[in-house]
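Fold and contact review
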Amino acid sequence: MLLYASMLLLIYNTSMEGIMIKCSYCLQDKDKTHFKKKEHVLSQSFGKFKDNFTLINTVCDECNQFFGDNLELVLAGDTVEGGTTRYETGIKDPEKFKSLGKRSRMTYQIQEGKYPGVYMYREYSEEVGNITFYPCSQIGFLRNSGEYEWFLLNDIPKKEAITHEVYNISDPKFPIMLGCDESIEEKILNEFGIKRGEAFMVSHDHFKEKILFEVQGKLDEVDFRARAKIGFNYLAYWQGNDFILDSSFNTIRDYIRWGKVPETPIRGVINKPFFPDAKRRLGHIIAIHWEEKEASLVARVSLFDFLQFVIRLVKDEAQQYKDVRKGHFFNIKQMNILELDLSKFNLSF
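Residues numbered from 1 in each chain as written. Predicted model: local features only at pLDDT ≥ 70, side-chain atom pairs only at ≥ 80, totals over all residues. Heavy atoms only, no water.

Looking only at helices and strands, one finds 8 helices and 18 strands in the protein chain. Counting over 349 residues, the protein chain shows a buried share of 43%. As displayed, the protein chain has an accessible area near 19,000 Å², and 50% of this comes from carbon and sulfur atoms. (Helix = DSSP H or I, 4+ residues; strand = E, 2+ residues; numbered from the N terminus. Buried < 20%, exposed > 50% of the residue type's maximum accessible area, 1.4 Å probe, protein only. Areas by Shrake-Rupley, 256 points an atom, 1.4 Å probe, with all protein chains shown as cover.)

The phi angle at Leu27 is positive, at roughly 60°, despite the residue not being glycine. The phi dihedral of Asp305 is positive, around 50°, even though this residue is not glycine. You can see Asp305 is positioned in the loop between strand 15 (296-302) and strand 16 (308-315). With relative accessibility at 0%, the residue Asp305 sits in the buried group.

So, about the packing of aromatic side chains. Applying the stated criterion to the full structure yields 30 aromatic pairs. Ring geometry for Tyr115 and Tyr148: centres 6.2 Å apart, planes at 65°, overall edge-to-face. Here Tyr115, found in the loop between strand 5 (106-110) and strand 6 (119-125), pairs with Tyr148, found in strand 9 (residues 148-152); they are 33 residues apart in sequence, far enough to count as distant. Take Tyr115: its relative accessible area is 7%, and that puts it in the buried class. Residue Tyr148 is classed as buried on the basis of its relative accessible area of 18%. (Phe/Tyr/Trp six-rings, centres within 6.5 Å; stacked < 30°, edge-to-face > 60°.)

What follows concerns helix 2 (residues 61-69). All of the buried residues along helix 2 are Asp61, Cys63, Asn64 and Phe67. Relative to the axis of helix 2, the buried residues are bounded by an arc of 160° and lie together on one face. For helix 2, the elements touching its buried residues are strand 3 (39-40), helix 3 (71-77), helix 6 (221-239) and helix 8 (250-258). (Arc of directions from axis to C-beta. Contact = heavy atoms within 4.5 Å.)

Take the environment of Leu178 next. Examined against the element boundaries, Leu178 turns out to sit in strand 10 (residues 175-178). Given a relative accessible area of 1%, Leu178 falls into the buried group. It is 9.7 Å that separates the C-alpha atoms of Leu178 and Tyr119, two residues lying 59 residues apart in sequence.

Per the counting criterion, the structure on display carries 12 salt bridges. Between Glu62 and Lys30 there is a salt bridge, with the nearest N and O atoms lying 3.3 Å from each other. On the criterion of sequence distance, the pair formed by Glu62 in helix 2 and Lys30 in strand 2 (residues 29-31) is long-range, its members being 32 residues apart. Classification of Lys30 as buried rests on a relative accessible area of 9%. Taken together, the shared-partner salt bridges in this structure form one network comprising Glu39, Glu72 and Lys229. (Salt bridge = Lys/Arg side-chain N within 4 Å of Asp/Glu carboxyl O.)

A word on helix 6. A turn of α-helix holds 3.6 residues, and therefore any two residues three or four places apart point the same way. The end-to-end C-alpha distance of helix 6 is 26 Å, a good match for the 27 Å that 19 residues give at a rise of 1.5 Å each. Most of helix 6 sits out of view: 14 of its 19 residues are buried. At the C-terminal side of helix 6, Gly240 shows a positive phi close to 95°. (Expected span 1.5 Å × (residues − 1).)

With that settled, consider the confidence of the model for the protein chain. This prediction gives the protein chain a mean pLDDT of 86; 87% of its residues lie at or above 70. Note that pLDDT drops below 50 for residues 1-16; the model gives that stretch 2 contacts with residues more than four away or on any other chain. (pLDDT = per-residue confidence, 0-100.)

What follows covers the side chain of Lys30. Among the polar contacts listed, one links the side chain of Lys30 to the side chain of Glu62, at a separation of 3.3 Å. If we ignore the near neighbours within four places in the chain, the residues touching Lys30 are Ile19, Met20, Ile21, Phe35, Cys60 and Glu62. (Polar contact = N/O pair within 3.5 Å; in protein donor to acceptor, adjacent residues only side chain to side chain.)

Turning to the sheet that holds strand 14 (residues 283-291), a few remarks are in order. Whether parallel or antiparallel, the strands of a sheet pair through hydrogen bonds between backbone atoms. If you walk across this open sheet you meet the 6 strands as 13-16-15-14-17-18, and the pairing is antiparallel. Two strands in the sheet have a free side with no partner beyond their single neighbour: strand 13 (266-270) and strand 18 (336-339). For this sheet the average axis-to-axis angle between neighbouring strands, irrespective of direction, equals 20°. By the bridge criterion, 4 bridges tie strand 13 to strand 16 in an arrangement that is antiparallel. Among the inter-strand pairings, Gly268 is bridged to a residue of strand 16, identified as Val310. Its contacts with the sheet place helix 6 against strand 13, strand 14, strand 15, strand 16 and strand 17 (326-331), and it is angled at close to 60° to strand 16. (Pairing = 2+ DSSP bridges. Axes fitted to C-alpha atoms, helices over the stretch in contact; angles between N-to-C directions.)

On to the packing of helix 6 against helix 8. Across the interface, helix 6 lies against helix 8 with an axial gap of 9 Å and an inter-helix angle of 125°. What the angle tells us is that helix 6 and helix 8 run oblique. For helix 6 against helix 8, the interelement crossing comes out left-handed. For the pair helix 6 and helix 8, the contacting residues are Glu221, Phe224, Arg225, Ala228, Lys229 and Phe232 in the first and Ile252, Arg253, Tyr255, Ile256, Arg257 and Trp258 in the second. The residue inventory of the contact of helix 6 with helix 8, partitioned by class, reads 7 nonpolar, no polar and 5 charged. (Parallel < 35°, antiparallel > 145°, perpendicular 65-115°, else oblique. Left-handed = near helix turned anticlockwise from the far one by under 90°. Nonpolar A, V, L, I, M, F, W, Y, C, P; charged D, E, K, R; others polar.)

In structure tokens form, the structure reads like this:
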């Protein structure tokens, strides 16, 4: 009986290895044992939705791992949607927030109060029980206009650039040191020939109250590729693996997987809500549709109905993909997915 079971197991393993599947991204033929991981159309980092769209035997484990370690890591941790809105909406527990510090592409600057322009970073505070802001290590130079100009430590100008024509050097509060330890403060003050007692220090406690911030994020190719992957995964889910394995999709495929930048991989970013009534919904939108002017099949990806990323999936002069049209709303309130009737939306650019 044991021998018979062992033979069955051997036959099963052999049959598993004999099934060859072509990965939708690297286009390599691999046996089924290389497709153990599930590829979600929309990463679970942005919500674990009921009946979530999942690709099976479509993306190999190596590509899946690459996306998780590179594209999805940036999207979930270093964008406005991933690094801020996920925590504000409760999708992610604030206690699990991890600041990327100097590696972050996000910058926060105070826009009001006594010291506008101060650079801040975000960190979880056990005292507050939530994510809060702390001042970065920086120095402020008093301008003749009466306002301070703030510099992060890596951006402090040379001494000869700090002139009387621009800065009020004679004022005893000309430099403000903020968020620096004593050794760094001493080094900077010595470089500018300022005695420690003459420098004005501001306490972190000054910034505990609620203050208006300006958030700036850097949109680079990694960010675009991460959102393009969502759109391409969505197309694969609804049209099937054979459909997206067509060579006409090699341009967008190579852009997502290998970072090969074509002439126009991304149509652009639209800063307005997706829905016709111009009201933002608490959820994500993914849609694919035909763009007549560009003769292209495009995807729209909007996380938290914030920015709409319009991604050209394929240029199609023959218009063979003209009838491909689908859209869904990932509803965060009920954590369900609702189909959209795109005929009711104005999808022109």
